[in-house]
Amino acid sequence: MFEAKLANAGLLKKIVESIKDLVTDAPFDCSETAMSLQAMDSSHVALVSLKLEVGLFDTYRCDRTINLGLSLANMSKALKCANNDDTCMLKYEENEGDSIIFTFADPKRDKTQDVTVKMMDIDSEHLGIPDQDYAVVCEMPAGEFQKTCKDLSTFSDSLNITATKAGIVFTGKGDIGSSVVTYSPSSNTDDETEAVTLEVKDPVNVNFSIKYMNQFTKATALSDRVRLSLCNDVPVVVEYPIEENGYLRFYLAPKIDDDENMD
Amino acid sequence: MFEAKLANAGLLKKIVESIKDLVTDAPFDCSETAMSLQAMDSSHVALVSLKLEVGLFDTYRCDRTINLGLSLANMSKALKCANNDDTCMLKYEENEGDSIIFTFADPKRDKTQDVTVKMMDIDSEHLGIPDQDYAVVCEMPAGEFQKTCKDLSTFSDSLNITATKAGIVFTGKGDIGSSVVTYSPSSNTDDETEAVTLEVKDPVNVNFSIKYMNQFTKATALSDRVRLSLCNDVPVVVEYPIEENGYLRFYLAPKIDDDENMD
Amino acid sequence: MFEAKLANAGLLKKIVESIKDLVTDAPFDCSETAMSLQAMDSSHVALVSLKLEVGLFDTYRCDRTINLGLSLANMSKALKCANNDDTCMLKYEENEGDSIIFTFADPKRDKTQDVTVKMMDIDSEHLGIPDQDYAVVCEMPAGEFQKTCKDLSTFSDSLNITATKAGIVFTGKGDIGSSVVTYSPSSNTDDETEAVTLEVKDPVNVNFSIKYMNQFTKATALSDRVRLSLCNDVPVVVEYPIEENGYLRFYLAPKIDDDENMD
């Protein structure tokens, strides 16, 4: 038996909306300590890694490690029935068939909503993500990163990121023109939510598909801050922390030769 | 001559927006005591019944009973010219041709807008609606009923309503899953707008086309509350009261055999 | 060298959004005293005339009169990268190739964005606009004029404007009905933004294509007030003042014989 209760359905709703266009079928791994998910996007270019630790839940019970396969499209339909402030109980019982029950309740009202969603068999391939020492780690407001990716995608299919101790520079070049966005590390770090912080061991200069970056930034609703971990010739990690008890991470390999890429 | 003035054009705008996708051509009956409308939807499945009593109007004059036939699409176009807070005068003069004049005025401005809409001949069939003793009468927030219908339509074409003294349950079942929404009668009736009240003479278990219910709930803008009157094998009445001086009612026959229905 | 800085990118954004559907390629004339633009719409029916005087800019430097040709679609893409409150620097250097650089900076953040947009060769035909003594000059809230044009376009392709000392009347007649909007000159002129003022030397009765009027009213975001200058058989001027240091004007010739027009 698996049973876990979130204080607000809104959190799960935002997570599913962030990844449902990238990943169709999601194999959730439920263990004693966390509910997690690892999946490649449908074109096998990007990797999504989600971890929701026990601390995020009001109640959590997982008798044995299980894998719950769900269509994210159906999960999204179920969660759209909930108001953001409804409590959200997830329940799975081995002997009650292949379904998960989402129970939404409005604490201020004598109302409950049970949504039953059929599960599916999903081959879950566990991908070992090697530990990596990153040359550059940059933290910035998630909304800033989202707007920068969106702005540059007007001009280019490729996003170039260059980071040195002096700052981090995002560049998009195309036929009608180009755009260059430069962030200096915040001198004034009074406002922690707004600061741009930069740890640089070695300078970095890498290119990525901007289309995937725009997909990742759908997670902006989840967190005020985003963390970019960068190294030349190594996948970038775009990480959105979840209330200090979990994260949603996206991994994307750099484009090898941007100039020859014609997407 | 017919002349009637509403303090706010917004009221008539909301009424027309509520029914214009259900009823194309509307035969308004104007009498000394009320302006009313009865019409079947274009597929002759649902019945709309509207009553606007004299008390709703700032001024009202109707020399003799007349029938004014109007295209609701054209009436909607006319009303879209008004700001919600404009006063709204409706005027029809027998000897001035086949038109109704809507006059909108902004009391704070030296501005008037006269919109002339051509009338049409509409066969108005008066449908006797038999008095009915309902087994269950449920009142609830109009927004709750709207959201429940919308949520269940994600899963099903059919809405099952079951009501007993213990509560009222709305169910939608489909291929990808199912949703069950349960309202217990409000224990705490301090907040009258939010309460769910339930009068049950006999339990009820009926199925309806959820598509029509979604149409009816467009009237949610008209009223905080909705009243459902239910009886097995008898059309449901979905009623939105209009400022204590009128109502907008929708009648819909139950689906006879839900399981064999494949719409 | 040309270099000019606006305190808010939002102003230029609103200007470009107002005219970019009317004019595709814009030849900006930059002189010591102003940045201006004159262009016919693509069907050569309406004329756009824009003037941004030095007073609108925080800094302004123009070494010699130059013409900068820009695609308004590309300029719009560049400006969408800016937040409305960002400062906006425009820069052109003769010896740095055929590009204009827009630099957006958020004064509260250590961030700058340089957007480079390629210029284009545009044949700019300078149209002498003859001085005209107008029979009627009407000033009104820009939002009122916009709503009136939009409302009447529901009923008609043509906008009739009649003005006398008694008031200004906008009429649209069509198959499904007609709409007549009447403004009396404001008796109460306490609220200058809301007043309708009317100077009438001679009465005027003219017809215009309502489609173009709807295009012009996209400039409503630029200014609280609009000024209409009218004369029989002469193009109307629809003018939006820009912060007392410039204007955006639209000229449109009247329809000669409205009844025979079938657009």
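None of the values given here were measured: they were computed from a predicted structure.

(A) Looking closely at the UniProt feature "DNA-binding region" in chain A. The sites that carry the UniProt feature "DNA-binding region" are, in the present numbering, residues 61–80 of chain A. As annotated, residues 61–80 of chain A has a helix share of 45% and a strand share of 40%, and its two end C-alpha atoms lie 25 Å apart.

(B) The arrangement of the relation of the copies chain A and chain B in detail. Expressed as a screw transformation, the operator carrying chain A onto chain B has a rotation angle of 120° and an axial translation of 0.0 Å, and the superposed copies differ by an RMSD of 0.0 Å. Such values leave the two copies arranged in the relation of a three-fold axis. Scanning chain A for the C-alpha nearest the rotation axis identifies Ala 221 of chain A, at a separation of 17 Å.

(C) Spotlight on helix α1 (residues 9–19) of chain C. In terms of burial, α1 of chain C is a largely internal element, nine of the eleven residues being buried. When we look at burial in α1 of chain C, the residues that qualify are Ala 9, Gly 10, Leu 11, Leu 12, Lys 13, Ile 15, Val 16, Ser 18 and Ile 19 of chain C.

(D) A look at the environment of Asp 233 of chain A. All names here are of chain A. The residue Asp 233 is located in the loop between β16 (225–230) and β17 (236–241) in this model. For the pair formed by Asp 233 and Asn 160, sequence separation is 73 residues and the distance between their alpha carbons is 13 Å. Setting aside its immediate chain neighbours within four residues, Asp 233 contacts Val 206 and Pro 254.

(E) Expanded view of a negative patch on the surface. Residue and element names in this part refer to chain A. On the surface, Asp 98, Asp 121, Asp 123 and Glu 125 cluster together into a patch of negative charge. Secondary-structure assignment places Asp 98 in the loop between β7 (87–92) and β8 (99–105). A relative accessible area of 54% means that Asp 98 is categorised as exposed.

(F) Just the domain arrangement of chain A, in detail. Residue and element names in this part refer to chain A. Taken domain by domain, chain A comprises domain 1 (2–118) and domain 2 (136–252). For domain 1 versus domain 2, the distance between C-alpha centres works out to 28 Å. Taken together, the 21 residues of domain 1 in the interface contact 17 residues of domain 2. For the pair domain 1 and domain 2, the summed buried area comes to about 1,700 Å², and 62% of that belongs to carbon and sulfur atoms. Linking domain 1 with domain 2 are one salt bridge. The residue Asp 21 makes a salt bridge to Lys 218 at a minimum N-O spacing of 2.7 Å. Elements that contribute at least two residues to the side of domain 1 that touches domain 2 include exactly α1 (9–19) and β4 (46–53). A per-element tally of the side of domain 1 that touches domain 2 places β4 first, with eight residues. In terms of residue class, the side of domain 1 that touches domain 2 is built from eleven nonpolar, four polar and six charged.

Cut-offs applied
Residues numbered from 1 in each chain as written. Chains lettered and ligands numbered in written order. Predicted model: local features only at pLDDT ≥ 70, side-chain atom pairs only at ≥ 80, totals over all residues. Heavy atoms only, no water. UniProt positions renumbered as here; feature names shortened; annotations may be inferred. Helix = DSSP H or I, 4+ residues; strand = E, 2+ residues; numbered from the N terminus. Least-squares fit on C-alpha atoms with pLDDT ≥ 70 in both. Buried < 20%, exposed > 50% of the residue type's maximum accessible area, 1.4 Å probe, protein only. Contact = heavy atoms within 4.5 Å. Patch = residues over 30% accessible without salt bridge, like charges linked within 9 Å, V, L, I, M, F, W, Y side chains within 5 Å. Areas by Shrake-Rupley, 256 points an atom, 1.4 Å probe, with all protein chains shown as cover. Salt bridge = Lys/Arg side-chain N within 4 Å of Asp/Glu carboxyl O. Lys, Arg positive; Asp, Glu negative; His and termini not counted. Charge placed at Lys NZ, Arg CZ, Asp CG, Glu CD. Domains from an automatic or database assignment. Buried area = accessible area lost by both parts, 1.4 Å probe. Nonpolar A, V, L, I, M, F, W, Y, C, P; charged D, E, K, R; others polar.

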